[in-house]
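# A look at the structure
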Amino acid sequence: MEQTQKPPQERVDWHALTAKKVIEKLGISQKEGLTSKQAKNRLEHYGPNKLQEAPPTTLWQMLLAQFDDFVVLLLIGAAIISALLGDWVEAAAIMTIVVLNAALGVIQEHRAEESLAALKELAAPDANVLRNG
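Bear in mind the structure is a predicted one, so any value in this text is a computation, not a measurement.

### So, the packing of helix α4 (residues 70-84) against helix α5 (residues 88-122)
Orientation of α4 relative to α5, taken along the N-to-C sense of each, is 155 degrees, at an axis distance of 7 Å. Classified by the interaxial angle, the pair formed by α4 and α5 is roughly antiparallel. Every pair of crossing elements has a handedness; the one defined by α4 and α5 is left-handed. Here Val72, Leu75, Ile76, Ala78, Ala79, Ser82 and Ala83 of α4 come into contact with α5, specifically with Trp88, Glu90, Ala91, Ile94, Met95, Val98 and Asn101. A per-class count over the contact of α4 with α5 returns eleven nonpolar, two polar and one charged.

See the structure below:
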């Protein structure tokens, strides 16, 4: 038995509904599931049931993000003022700290992204579906 009712277009908080309400709103049969044709139509209309992921952050973007902090900018300003006043040792020391901080931040962020990618691989969900009864 093929049902022709289309899924609703309004905003629905699916996670807050009971299974019975979801089945009712989608217009499907719990015993029969979707037909192959219905599944194909929904795939064409809605696309794959997959979360959109942001593009990965490049190392350059991570590095530039390390300098997007008021305190770091304040330290760079202090290093420039020290250099203008002729205190090269102090200016070099401040800049060394800023560069080391940025390098450590990039390394930590890169490792965190690698760990997150590994966790996503481990948590890849599988689903069993009912097609054509």
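### Some remarks on a nonpolar patch on the surface
Taken together, the side chains of Phe70, Val71, Leu74 and Leu75 make up a nonpolar region of the molecular surface, amounting to roughly 400 Å² of accessible area. Relative to the assigned elements, valine 71 resides in helix α4. On the basis of relative accessibility, which here comes to 49%, the residue valine 71 falls in the partly exposed class.

### Points about the packing of helix α3 (residues 59-66) against α5
Where α3 meets α5, the closest approach of the two axes is 9 Å, and the angle between their N-to-C directions is 130 degrees. In terms of their interaxial angle, α3 and α5 are classed as oblique. Considering how the two elements wind past one another, α3 and α5 form a crossing that is right-handed. Along the contact surface, α3 presents Leu59, Met62, Leu63 and Gln66, while α5 presents Asn101, Ala102, Gly105, Val106, Glu109, His110 and Glu113. Across the contact of α3 with α5, the residue classes break down as five nonpolar, four polar and two charged.

Criteria and thresholds
Residues numbered from 1 in each chain as written. Predicted model: local features only at pLDDT ≥ 70, side-chain atom pairs only at ≥ 80, totals over all residues. Heavy atoms only, no water. Axes fitted to C-alpha atoms, helices over the stretch in contact; angles between N-to-C directions. Helix = DSSP H or I, 4+ residues; strand = E, 2+ residues; numbered from the N terminus. Parallel < 35°, antiparallel > 145°, perpendicular 65-115°, else oblique. Left-handed = near helix turned anticlockwise from the far one by under 90°. Contact = heavy atoms within 4.5 Å. Nonpolar A, V, L, I, M, F, W, Y, C, P; charged D, E, K, R; others polar. Patch = residues over 30% accessible without salt bridge, like charges linked within 9 Å, V, L, I, M, F, W, Y side chains within 5 Å. Areas by Shrake-Rupley, 256 points an atom, 1.4 Å probe, with all protein chains shown as cover. Salt bridge = Lys/Arg side-chain N within 4 Å of Asp/Glu carboxyl O. Buried < 20%, exposed > 50% of the residue type's maximum accessible area, 1.4 Å probe, protein only.

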